[in-house]
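Commentary on secondary and tertiary structure
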Amino acid sequence: MSSSIYDTLNREQKEAVLTTEGPLLLLAGAGSGKTRALTHRIAYLIREMGVNPWNILAFTFTNKAAEELRERVDQLVGFGSEQIWVSTFHSTCVRILRRHIDRLGFDNRFTIYDADDQKSLIKDICKRFGIDNKQIRERDFMNAISSAKDRLVDPLEYRMQNMGDFSKKKIGEVYQEYQDQLKKNNALDFDDLIMKTVELFKACPEVLENYQDRFQYISVDEYQDTNRAQFELIRLLAGKYRNLCVVGDDDQSIYKFRGADIRNILDFEKVYPDTKVIKLEQNYRSTANVLDVANAVIRNNRGRKAKALWTKKGAGDRVCFRQFDTAYEEADYIAAQIASAAGKGKGKYGDYAVLYRTNAQARLLEERMVQEGIPYDVVGGVNFYARKEIKDILAYLKTIDNGRDDLAAKRIINIPRRGIGPSTIARVEDYAEMRDISFYDALRDADNIMDMGRTVSRIDPFVTLIQTFRSKAQYMGIADLIRDILEKIGYKEYLESTDDEGAEDRYANVEELISKAAGYEEAHDGCTLTEFLAEVALVADIDNVEGSADRVLLMTLHSAKGLEFPCVYMAGMEDGLFPSYMSISADDTAELEEERRLAYVGITRAMDRLTLTAAKSRMIRGETQYHPVSRFVKEIPEELLDCEKAVPRRWSFQTGDPDEDYDSREDYDRRGSRGGYEKGSGKLGSLRLTEDVFDFRPKASLAGRKPAAKGEKPFIAQGMGSLNQLAGVTKGMPYQAPAAVDYKEGDRVSHIKYGPGTVTRLEKDVRDYKVTVEFDKAGQKIMYASFAKLKKI
DNA sequence: TTTTACTTCGTTTTT
DNA sequence: CGAAGTAAAA
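Residues numbered from 1 in each chain as written. Chains lettered and ligands numbered in written order. Predicted model: local features only at pLDDT ≥ 70, side-chain atom pairs only at ≥ 80, totals over all residues. Heavy atoms only, no water.

**Some remarks on the protein's contact with DNA strand B**
Applied cut-off: For this purpose, a residue is taken to be near a molecule or strand whenever a single non-hydrogen atom of the residue falls within 4 Å of it. Any N or O atom pair separated by 3.5 Å or less is treated as a polar contact, with the protein-specific requirement of one donor-capable and one acceptor-capable atom, and with residues adjacent in sequence counted only for side-chain atom pairs. Numbering goes from the N terminus for both helices and strands, where a helix is a DSSP run of H or I of at least four residues and a strand is a run of E of at least two. For this scheme, ten residues count as nonpolar: Ala, Val, Leu, Ile, Met, Phe, Trp, Tyr, Cys and Pro. Four count as charged, namely Asp, Glu, Lys and Arg, and the remainder, Gly too, count as polar.
Near DNA strand B lie 26 residues; those nearest to it are Phe61, Arg357, Ser423, Thr424 and Met582. Considering DNA strand B, the proportion of its atoms within 4 Å of the protein that are sugar or phosphate atoms stands at 56%. A distance of 3.0 Å separates a base oxygen of DNA strand B from a polar side-chain atom of His90. Between DNA strand B and the protein, one listed contact pairs a phosphate oxygen with a backbone N or O atom of Asn359 at 2.9 Å. Among the elements of the structure, helix H19 (422-435) and helix H27 (589-603) are those that each provide at least two residues to the surface near DNA strand B. For the surface near DNA strand B, the residue count by class is six nonpolar, twelve polar and eight charged.

**Brief notes about the packing of helix H2 (residues 34-47) against helix H3 (residues 63-77)**
Convention followed: Whenever a helix is involved, its axis is fitted only over the stretch in contact; in every case the axis is a line through C-alpha atoms, and angles between N-to-C directions fall within 0 to 180 degrees. Every angle not falling under 35 degrees, over 145, or within 65 to 115 is termed oblique; those three ranges are roughly parallel, roughly antiparallel and roughly perpendicular. Note on convention: the crossing is left-handed when the near helix lies turned anticlockwise from the far helix by less than a right angle, right-handed when the turn is clockwise. Should any heavy atoms of two residues lie within 4.5 Å, those residues are considered in contact.
Between H2 and H3, the least distance of the axes is 9 Å, while the angle of their chain directions is 45 degrees. With respect to their mutual orientation, H2 and H3 come out oblique. Judged by the twist between their axes, the crossing of H2 over H3 is right-handed. Note on element contacts: H3 touches H2 through Leu69, Arg72, Val73, Leu76 and Val77, opposite Thr35, Arg36, Leu38, Thr39, His40, Ile42, Ala43, Ile46 and Arg47. Its residues assigned to classes, the contact of H2 with H3 comprises eight nonpolar, three polar and three charged.

**Focus: helix H4 (residues 89-100)**
Our working rule: Every helix has an expected span of 1.5 Å times one less than the residues it contains. Under the scheme applied here, a residue whose accessible area is under 20% of the maximum for its type counts as buried, over 50% as exposed, and between as partly exposed, the area being computed with a 1.4 Å probe on protein chains only.
The end-to-end C-alpha distance of H4 is 17 Å, a good match for the 16 Å that twelve residues give at a rise of 1.5 Å each. Among the twelve residues of H4, nine are classified as buried, and the element is accordingly described as predominantly covered.

**Let's talk about the sheet that holds strand S1 (residues 24-28)**
Selection rule: One bridge is not enough; two strands pair if DSSP finds at least two bridges between them.
With parallel pairing, the six strands of this open sheet are ordered in space as S3-S2-S6-S7-S1-S8. Two strands lie at the open edges of the sheet, namely strand S3 (85-88) and strand S8 (276-280), each paired on one side alone. Adjacent strand axes in the sheet meet at a mean angle of 15 degrees when their direction is disregarded. As defined by bridge partners, strand S2 (residues 56-60) adjoins S3 across four bridges and the pair is classed as parallel. Its bridge partner being in S3, Leu57 is matched across the sheet by Trp85. Running at roughly 145 degrees to S8, helix H1 (residues 11-18) makes contact with S1 and S8 of the sheet. Along the sheet face, helix H11 (residues 228-237) touches S2, strand S6 (217-220) and strand S7 (244-248) and points at about 175 degrees away from the line of S2.

**Some points on the nonpolar core**
Let me state the cut-off plainly: In these notes, a set of buried Ala, Val, Leu, Ile, Met, Phe, Trp, Tyr and Cys residues joined through side-chain atoms within 4.5 Å is what counts as a nonpolar core.
In this structure, Phe59, Leu193, Phe201, Ile218, Val220, Leu237 and Leu244 are the most contacted members of the largest nonpolar core, which totals 66 residues. What Val220 contacts, discounting residues up to four positions off in sequence, is Phe59, Phe89, Thr226, Ile234, Leu244, Cys245, Val246 and Val247. Formed by 55 residues, the second largest nonpolar core is a distinct cluster that contains Leu394, Ala409, Ile478 and Val539.

**With respect to empty space enclosed by the protein**
Definition in use: In this analysis the probe radius is 1.4 Å and the grid spacing 1 Å, with only protein atoms considered; a cavity is a set of points the probe fits into but cannot get out of, a pocket is an open set with protein on both sides within 12 Å along at least five of seven lines, and lining residues have an atom within 4 Å of a point. Grid points are joined across faces, edges and corners, and a volume is the space filled by probe spheres set on the points.
Summed over all chains, the structure comprises three cavities of 30 Å³ or more. Taken as a whole, the largest cavity encloses approximately 60 Å³ of empty space. As for the largest cavity, its lining consists of Arg98, Arg109, Phe110, Thr111, Ile112, Lys398, Asp401, Thr530, Leu533, Ala534 and Ala537. Elements with a contribution of two residues or more to the lining of the largest cavity: strand S4 (111-113), helix H17 (388-401) and helix H25 (529-537). Counting residues per element, the lining of the largest cavity draws most heavily on H25, at four residues.

**Some thoughts on a negative patch on the surface**
The condition that has to hold: Surface patches are defined over residues having more than 30% relative accessible area and no salt bridge, joining like charges when they lie within 9 Å and nonpolar side chains (Val, Leu, Ile, Met, Phe, Trp, Tyr) when within 5 Å. All accessibility values rest on the Shrake-Rupley procedure with a 1.4 Å probe; residue burial counts only the protein chains present in the view. We define a salt bridge as a contact between a side-chain nitrogen of Lys or Arg and a carboxyl oxygen of Asp or Glu at a distance within 4 Å. Under this rule, positive means Lys or Arg and negative means Asp or Glu; His and the chain ends count for nothing. By convention, the point assigned to a charge is CZ for Arg, NZ for Lys, CD for Glu and CG for Asp.
Together, Glu67, Glu71, Asp74 and Glu82 make up a region of like negative charge exposed at the surface. Relative to the helices and strands, Glu67 resides in helix H3.

**Looking at the packing of aromatic side chains**
To describe a pair of aromatic rings, one takes the distance between the centres and the angle between the planes. Heads up, the condition is: The criterion for an aromatic pair is that two Phe, Tyr or Trp rings (for Trp, the six-membered ring) have centres within 6.5 Å, with stacked assigned to planes under 30 degrees apart, edge-to-face to planes over 60 apart and tilted to the rest.
Considering all chains together, one arrives at 15 aromatic pairs under this definition. Ring geometry for Tyr6 versus Tyr44: centroids 5.5 Å apart, planes at 85 degrees, classification edge-to-face. In this pair, Tyr6 sits in the segment before H1 while Tyr44 sits in helix H2, placing the two residues 38 residues apart along the sequence. Classification of Tyr44 as buried rests on a relative accessible area of 11%. Relative to Tyr211, the ring of Phe201 lies with its centre 5.9 Å away and its plane at 50 degrees, an arrangement referred to as tilted. Remark: Tyr211 occurs in helix H10 (residues 205-214) and Phe201 occurs in helix H9 (residues 190-203); sequence separation between them is ten residues. Taken together, the aromatic side chains of Trp85, Phe201, Tyr211 and Phe215 make up a single cluster linked through ring pairs.

**As for the pattern of salt bridges**
Applying the stated criterion across every chain, the model contains 51 salt bridges. Where Lys123 meets Glu138, a salt bridge forms, and the shortest distance between an N and an O atom there is 3.9 Å. Here Lys123 is found in helix H5 (residues 115-129), whereas its partner Glu138 is found in helix H6 (residues 138-150), with 15 residues between them in sequence. Residues joined by salt bridges that share partners form a network here, namely Lys34, Asp221, Glu222, Asp225 and Lys561.

**Side note on unusual backbone geometry**
Omega for the bond connecting Ile415 with Pro416 falls within 30 degrees of zero, at -5 degrees, which places this linkage in the cis form. Residue position: Pro416 is located in the loop between helix H18 (406-412) and H19. Following Phe578, the chain continues to Pro579 via a peptide bond in cis, the omega torsion being 5 degrees. Non-glycine residue Leu152 carries a positive phi angle of around 60 degrees. If you check the backbone angles, Arg242 has positive phi at about 60 degrees while not being a glycine. Mapped onto the elements, Arg242 comes out in the loop between H11 and S7.

Below is the structure:
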């Protein structure tokens, strides 16, 4: 190793870099520099081993991780790194299937169905099969089918395995029909992308061998989150050269619900007996205090590979814990802390992240961020590409691109309103089924459908429209095509007619889609509509986060995996919320252990400062619920925590308090800290008020309250409302004092979209001016000055 | 066919 | 509290 780029690595990292041949299992604890090891390893392969970048494949879970990995390799290697295939499992499979899926009887221009599409397809099928969705919900079908696919179980096998069970038998039938429908629509769902690729490789050994020869060196990041299907995919690809490096941490496995199989990591050595195992245990990210807290929590899990993270960093600040009466106060505290710390020059806004268990918690936090004038981004919520207005436009594009996608065609047939209702649609569907053609082709044939009468006159213009777009798509760019669609269908007017509240925002999203399309075209010269649609289907919310933006990040603990921040807040540390109610009442302690790993992931995101917060009461689904402090907080030894007031510490698993009477570890897992949850007869547990839940209701109402019965819902009370909408990556308020406006009531102003108008009202709001303008053309609009960007004329 | 008023029900987490 | 589904009216 002559070059100096490897000198900064520690011994284990170096060893990992030098182990280029054969199977390698890199057990990399949180913050142990695994990406560093991975990037240097790839650089080493290219620079020192003379491996052609073309022969290297690296799997990641998100596009963002893929981009980062490529960038960092780029910095090390200089050139050639664009030849490395770095991408997510899903994107990789799309690329492979685009070339070869015709071998499985699909058209290579297949479309990709998201969860929404799956749900409507299942709903259709249930209707046809006469299945009552109250007995078996669509979600149940989706989960069952998804989990079958994660395990590479096809419909036939599924039905064979589940002949006895009534509801599983039904699921098997639906699964079969669902697959048939997907094929008919020339569509694949997320799980199919992996499963079909495995199928392809098994059906066509020559195709597999082609890729085996291409990908002679394979590495997999976040290996603990791979499912059975992904495992098989990797096994096949690496089958010939066996140069396979997987990097993972069993303590950070948090996607079991998505099919991740921890056995993939625990049993790796069994599948590859000649595996070299290297552990990275030195943590470079967190202070000793943070690390101690993380270890204190995770050590309560069993069934983990032994490891001991250590750091050379100093002790650092103590980890804080604060409990508040309400979630409002919790949010207040976090926002105020960030505002004052950032104001005092303690780091940038971008140094802060607020993590929570459920997306719903974002609202409150977001509201307080706005009030404090803190610039923030919310990751997650409703994915940008899953929003109605975006899906409408994408459905147009899909119909233009792939006439076989019935779901897309049906979605837009009456958007905007064309007077085509369910009965007409049903007739067209019947006709399509009879002739075994697609829904769209049936529409083209509308003249021949019996007793359609005047409805034909409504269908024809639609067909003509799509045909026109099709020919335009031959030479027009995607962004231009979208603009043309919007104009021709009068989408803006449609939005305004259906949703007067959010029309403006929705249209802004559509405009955002145009710029994303333009950006994509710029980055991918000569790209096709098909490619764009696939790309868009595989975007995760986290992919849209700009690391350089100096903004506080609000996101779920799941989204935070792989990231790090100097200062982290974990909000909602409450039993029933985190760990979730579901995991507490589950029979299986595995669910609770997964929650604990999630806590571990959250804690280890922090570099210097970590604050845990909880609320005694919070609104969930319009009801106020009371929760005790999270058991995960109680698992942290007192001396490691900075609490203003001592955490009520009823559980003494570690302190040996004789007060306690848990019979066993299982008993603790089940019941949690004293008085928390009781197991009811059914699946639902019940929550009782306990001493560590502060009660601030009038005594009278408390006195009249009877103890919760078994199976009853958690005790609730009415509270106040919430607000705001969250989504994709939501840009928070720009960091600015109340926008100074240079106009007043009665002034003439101009708006970029609405043109000239007269200011009729101007009032001061929390931290902005609310302006009412009577536009000459667009009529009256009420808007915030900072967003409206009005110019005085 | 479309609009509306009313009921029901749910959430963990996401590629 | 909202989304989404259903029933009834326009």
